[in-house]
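An overview of the molecular structure
Listed below, chain by chain, are the residues.
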Amino acid sequence: KGAYSDPEGLIDRISQTLLFPDNSYRFDSGGDPAVIPTLTRDEFVSFYKKYYHPTNSRLFVAGDESDVYHALSQADRYMSPMGYNPESRKDSAIVYQKRTFHKPVFERRPYAAAPGEGDSGFMLCITWLLNTQPTTSMMQLAWIVLDSLLLGKPSSPLTKALEDSNLGESTIGGGLDDTLLQSTFSIGMKGLKKREDVNVLEGLIMNTLHKLDSDGFSEDDIASSMNTIEFSLREGGGGLRGMEIFLGALSQWNYDQSPREAIIYEDALKMLKDEIARTGSNLFQQMIRDTLISNNHRVSLELYPSANLEEEQLQDQKIQISTAQSRMSDGEYQNIIDEGIKLKQLQAMEETPEVIASNPSLSISDIDSTPVEYPIHVEDNFAKSGIQLVLHEVESDGIAYVDFGLDVSMVPYDEIVLLNSLVALLNEAGTSDMNDAEFRNYIGKVTGGVSANLQVMSVKPAGWDDEIKVLPGINILSMLFIRGKCTADKIPDLFDVFTKILMDVNLDSKDILRNALKSDLSGRKSSLTNRGHSFADTRLRGRYSVRNFLGEKMHGYSSLDSSAAVLEAVDADWAQFVLRLENMRQAIINGNRNGMIINLTGDRYVLDAAMEIAEDFLVNKLPVDLGNPAPPTPDFRSVEHPWVAPAREEMKGAFSSQDEGIAVPTQVAYVAEGGRMYDVGEDVSGSASVVSHYLSTGYMWDVIRAKNGAYGAYSKFSSVDGVGTFFTYRDPNTPDTTLGLFNGAAQSVLDDVESSALTRDSNAAITTAIIGTIGGLDGSALSPRAAGWEALIRHLYGESTISRQRHRNEILKTTVDDFIDYAQRVKSWRDQSIAIVASLSAFNEMKSRTGQELSVLVQANADQEEDQSGEL
């Protein structure tokens, strides 16, 4: 239900069903909520037995050689007795969908619209079927490049044509999808205001493709996309390398093709470079002509808003269940009830100690007792520039990672809502001598990518480096970072890009900013429906500290209002808006040098080369106002950040009540509840994280997810603010049901202490929770860039190796007494509050069942938010 509540997810599913009428892809792998009730138990069991078999599996092991062979041996011993099932493999094979459409398919479907949205909010997405047989490795790579050429940057021609049209809020579709046996390409827009705009948009997409077929792409366009993609291939995705290889191989291995061909790119890259050298843009023009323009096997899907659809779906579900029940005899109906009771009983059964002991498991002795540390060297006043240099010497395969941070605390509080506009222009606009497309192509040709972003974070008060206490939330760092990467020979070019971004980007770029702001606002609104748990948790935590409030203001539900207000300001007086942005930029780049930092990560020889160029950048390229030097940047670990006082005042009226609801069109709910568990300045033991993890993987999973159907249920605790929360993801229950289940979480821990689950004599459950917590803390091996950034954040935060070791020791030494203490704190948490994202009908049902009143915020339409506080 949650997936079907997201219009963008819905348009993807319907498009795929229509595009593949003759093979398995016409079915939704997760099941259609409207059809699931017709599934019989016998059908379900039969399907499981036939297809969920080792014959259909793919096993991948990464690690040391001895570990790999040991794991494969264990797997063979387990799976071999199950035998090979040829029918299972044969019947699960995907047949290629042929291009059978004589003309493109056009379809209209409704989606559940927000209250007050009315007749606006249309969506259109065109999806093409690209291949009807296996594609060569070179052509697979060529499609990745063409996708980048069409849509990879805001200045890319297809993206720019749609965004500049002002027909809708933002692009959708995502371009190339090469994760299935057959690749597809999708593009469209959401937020179209009129039904007539649907046809206009379809014409615009096709006309743009015709123009590209005629005009082609420039050498700079192609060189930029090729360099960006080659850089990405050589660098990797930055995650766990073994998983990257497995998932990359699976795209072909899963369809009985060569897994090696999916992950070895050198030959395909050389062939593509040779083909581009021979034909230039013609290769991509031919691809557009053959697979997009002349290809009738495509689907144009329009979604139109319906204010009644949600209620109609609920009624249809009730009728469907009632009809199914009416066709049963009394005996059949009673049998279903009995089966349901039996299932609940089975779910409630605990595994015996003997069964648990038979499972392979780690022990505390298998866990490294020391935390993961990353190399770091800090040098103040580097090259007498007044700027702090931070170095991380790591193996980076000749790639330099550079982060340059500037303090933004001088920006007045009532202007911080404009910081995202400044960042957007730094990321998308052109310069005094290059337009946006030319500048972004230049960046793509000489670097692996450069971006600006804002970092607002809590820091430890001075003297707390070795302590783990709840922070006061008033010591804050606010910085603008320019982050980039390049090969060692391109370091001078990278710093040249940095200089242009900071000092030469053309802020007088109204269309670029409007498109960026509209797209960002549209994305936030979509996230509210499909990632409501994040908004609910952020909204709830924003009540407990100034830092959390700033996070909610800038990125949470409140940002919908402020983003819409910024858009209005852009249209109301653009000249004044540009002046405000220019004043902000000048204040930031002319800020005192002691508020700046440069962070370099790479191999030793890369760092040596980067330091030489960095010195010239810091000493000679950054502006210096000798006549009116900026005052020194305060040490915000020792003093209150200037945004704190006005933010504290704004907090007093920011929340309509302690318990709030946010109404959106959805068939599920996102429910959050929390409270303060530790006071400011109070020591927090690492064991708190262990018990929170125990609740997430135990009670929350077993009771709220497995037994009551929520797609996700979590316990979250932060030692930074001392606040604990429970929240759900895609929860089909009425919010009051989930809140009732939350109330049992703390007691479940105390009950486990009284039972055999948690005892002083047997620590198996505690050991499992400890190991899981350490796994989350250590995570996977970080990429060089991520390792350098993590070390920088630790440095800025004021966290010492002593505090990290202490935290780890406390985790490893967690006892049953720690579980009791945590449970008691949850039962007595202070300033308890609720934040829920759900439909209006869910809030109405909640009130009718319990009489509980929430202040419900209703997002009326794309440009307006209505507060119906106290009405529900």
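Residues numbered from 1 in each chain as written. Predicted model: local features only at pLDDT ≥ 70, side-chain atom pairs only at ≥ 80, totals over all residues. Heavy atoms only, no water.

Another aspect to go through is the overall build of the chain. Secondary structure assignment for the chain yields 34 helices and 18 strands. Its C-alpha radius of gyration of 29 Å places the chain within 12% of the 29 Å reference for a compact globule of 872 residues. A principal-axis box enclosing the C-alpha atoms of the chain has dimensions of 90 × 70 × 65 Å. Within the chain, the proportion of its 872 residues that are buried is 48%. Long-range contacts, defined here as pairs at least 24 residues apart, represent 82% of the contacts in the chain between residues at least 6 apart. A total of about 40200 Å² of accessible surface is found on the chain, and carbon and sulfur atoms cover 51% of it. (Helix = DSSP H or I, 4+ residues; strand = E, 2+ residues; numbered from the N terminus. Rg over C-alpha atoms; globule rule 2.2 N^0.38 Å. Buried < 20%, exposed > 50% of the residue type's maximum accessible area, 1.4 Å probe, protein only. Contact = heavy atoms within 4.5 Å. Areas by Shrake-Rupley, 256 points an atom, 1.4 Å probe, with all protein chains shown as cover.)

Here we take up helix H31 (residues 784–797). The terminal C-alpha atoms of H31 lie 20 Å apart, and with 14 residues this matches the ideal 20 Å at 1.5 Å per residue to within 8%. Inspection of H31 places Ala 787, Gly 788, Trp 789, Ala 791, Leu 792, Ile 793, Arg 794, Leu 796 and Tyr 797 among the buried residues, and these make up the whole buried set. Phi for Gly 798, located one or two positions after H31, is positive at around 85°. (Expected span 1.5 Å × (residues − 1).)

Moving on: the pattern of salt bridges. Within this structure, the stated rule accounts for 50 salt bridges. The salt bridge involving Lys 273 is made with Glu 230; its shortest N-O contact spans 3.0 Å. Taken as a pair, Lys 273 in helix H12 (residues 266–279) and Glu 230 in helix H9 (residues 219–235) lie far apart in primary sequence, 43 residues in all. Overall, Glu 230 belongs to the buried group, its relative accessible area being 15%. Here Asp 616 makes a salt bridge to Lys 621, at a shortest N to O gap of 3.4 Å. Of the residues examined, Asp 616 reaches a relative accessible area of 31% and is grouped as partly exposed. Taking the relative accessible area as the measure of exposure, Lys 621 reaches 41% and is therefore partly exposed. Three or more residues joined by partner-sharing salt bridges are found here, namely Glu 373, Glu 790, Arg 794, Glu 799 and Arg 804. (Salt bridge = Lys/Arg side-chain N within 4 Å of Asp/Glu carboxyl O.)

Turning next to the environment of Ser 559. By the secondary structure assignment, Ser 559 is in helix H23 (residues 558–572). Between the C-alpha atom of Ser 559 and that of Val 671, which follows or precedes it by 112 residues, the distance is 20 Å. Residues within four places of Ser 559 in sequence aside, it is in contact with Arg 524, Glu 552, Lys 553 and Met 554. A polar contact of 2.6 Å, which involves the side chain of Ser 559, links it to the backbone oxygen of Gly 556. (Polar contact = N/O pair within 3.5 Å; in protein donor to acceptor, adjacent residues only side chain to side chain.)

A few words now on unusual backbone geometry. Look at Asp 256: it is not a glycine, yet its phi comes out positive at around 60°. Relative to the elements of secondary structure, Asp 256 occurs in the loop between helix H10 (241–253) and helix H11 (259–263). Given a relative accessible area of 54%, Asp 256 falls into the exposed group. Although it is not a glycine, Asp 397 adopts a positive phi angle of roughly 55°. Following the sequence through the fold, Asp 397 ends up in the loop between strand S7 (388–393) and strand S8 (399–407). Under the relative-accessibility criterion, Asp 397 is labelled exposed at 74%.

Attention now moves to helix H29 (residues 745–754). The buried fraction of H29 amounts to 7 of the 10 residues, a majority that puts the element mostly inside the structure. Buried within H29 we find Ala 745, Ala 746, Ser 748, Val 749, Leu 750, Asp 752 and Val 753. Elements in contact with the buried residues of H29: helix H27 (687–706), strand S15 (723–729), helix H28 (735–742) and helix H33 (816–827).

Okay, a nonpolar patch on the surface next. Taken together, the side chains of Phe 47, Tyr 48 and Tyr 52 define a hydrophobic patch exposed on the protein surface, amounting to about 400 Å² of accessible area. Position of Tyr 52 among the secondary structure elements: in the loop between helix H3 (41–51) and helix H4 (65–79). (Patch = residues over 30% accessible without salt bridge, like charges linked within 9 Å, V, L, I, M, F, W, Y side chains within 5 Å.)

What follows concerns the packing of aromatic side chains. This model, assessed by the stated rule, comprises 21 aromatic pairs. Here the aromatic rings of Phe 481 and Trp 789 are separated by 5.0 Å at their centres, their planes lie at 80°, and the arrangement is edge-to-face. You can see Phe 481 sitting in strand S10 (residues 476–487) and its partner Trp 789 sitting in helix H31, a full 308 residues away along the chain. Of the two residues, Phe 481 and Trp 789, both sit in the buried class. Each ring, one from Phe 495 and one from Phe 617, has its centre 5.2 Å from the other, and the planes form 45°; the classification is tilted. (Phe/Tyr/Trp six-rings, centres within 6.5 Å; stacked < 30°, edge-to-face > 60°.)

With respect to the helices, strands and loops of the structure, Arg 593 is situated in the loop between helix H24 (574–589) and strand S11 (596–602). Look at Arg 593 and you get buried, because its relative accessible area is 14%. As for Arg 593 and Gly 236, which are separated by 357 residues in sequence, their C-alpha atoms are 35 Å apart. Of the polar contacts made by the side chain of Arg 593, one reaches the backbone oxygen of Leu 622; its length is 3.5 Å.

With that out of the way, let us pick up the pairing of S10. Two faces belong to every sheet, and in a regular strand the side chains alternate between them. Of all 12 residues in S10, 11 are buried, a share of seventy percent or more. Alignment of S8 against S10, held across 9 bridges, turns out to be antiparallel. Paired with Phe 404 across the two strands is Ile 482, which belongs to S10. Strand direction decides the pairing type here: strand S9 (residues 449–458) and S10, joined by 10 bridges, are antiparallel. Among the inter-strand pairings, Val 456 is bridged to a residue of S10, identified as Ser 478. (Pairing = 2+ DSSP bridges.)

With their axes 12 Å apart at the nearest point, H9 and H12 run at an angle of 170° to one another. Judged by the inter-axis angle, H9 sits roughly antiparallel to H12. Across the interface between the two elements, Ile 222, Met 226, Glu 230 and Arg 234 of H9 pack against Glu 266, Leu 269, Leu 272, Lys 273 and Ile 276 of H12. Its residues assigned to classes, the contact of H9 with H12 comprises 5 nonpolar, no polar and 4 charged. (Axes fitted to C-alpha atoms, helices over the stretch in contact; angles between N-to-C directions. Parallel < 35°, antiparallel > 145°, perpendicular 65-115°, else oblique. Nonpolar A, V, L, I, M, F, W, Y, C, P; charged D, E, K, R; others polar.)

Any residue range with low pLDDT should be treated as having predicted coordinates unsuitable for detailed reading. Put simply, the chain has an average pLDDT of 91, and 96% of its residues get 70 or more. For the stretch residues 860–872, pLDDT sits under 50, and the model shows 41 contacts to residues farther than four places along the chain or on other chains. (pLDDT = per-residue confidence, 0-100.)

All right, on to the sheet that holds S10 then. Taken together, the 6 strands give an open sheet; going across it, the order is S6-S7-S11-S8-S10-S9, and neighbouring strands pair in mixed fashion. Whereas interior strands pair on both sides, the edge strands pair on one side only; in this sheet they are strand S6 (377–379) and S9. The mean inter-strand angle of the sheet, taken between neighbouring strand axes irrespective of direction, is 20°. Lying on the sheet, H9 is in contact with S8 and S10; it crosses S10 at an angle near 100°. Across the sheet, helix H19 (residues 491–503) lies against S8, S9, S10 and S11, angled at about 140° from S10, the strand it touches most.

Attention now goes to the sheet that holds strand S2 (residues 122–129). Within the open sheet, the 5 strands sit side by side as S1-S5-S2-S4-S3. Their pairing is mixed. Two strands lie at the open edges of the sheet, namely strand S1 (105–112) and strand S3 (170–177), each paired on one side alone. Strand-to-strand, the axes of this sheet are offset by a mean angle of 15°, without reference to chain direction. Here S2 runs beside strand S4 (residues 184–192); their pairing, made up of 8 bridges, is antiparallel. Across the sheet, Cys 125 pairs through a bridge with Gly 188, a residue of S4. Strands S1, S2, S4 and strand S5 (298–306) of the sheet are contacted by helix H8 (residues 196–215), whose axis makes an angle of about 35° with S2.

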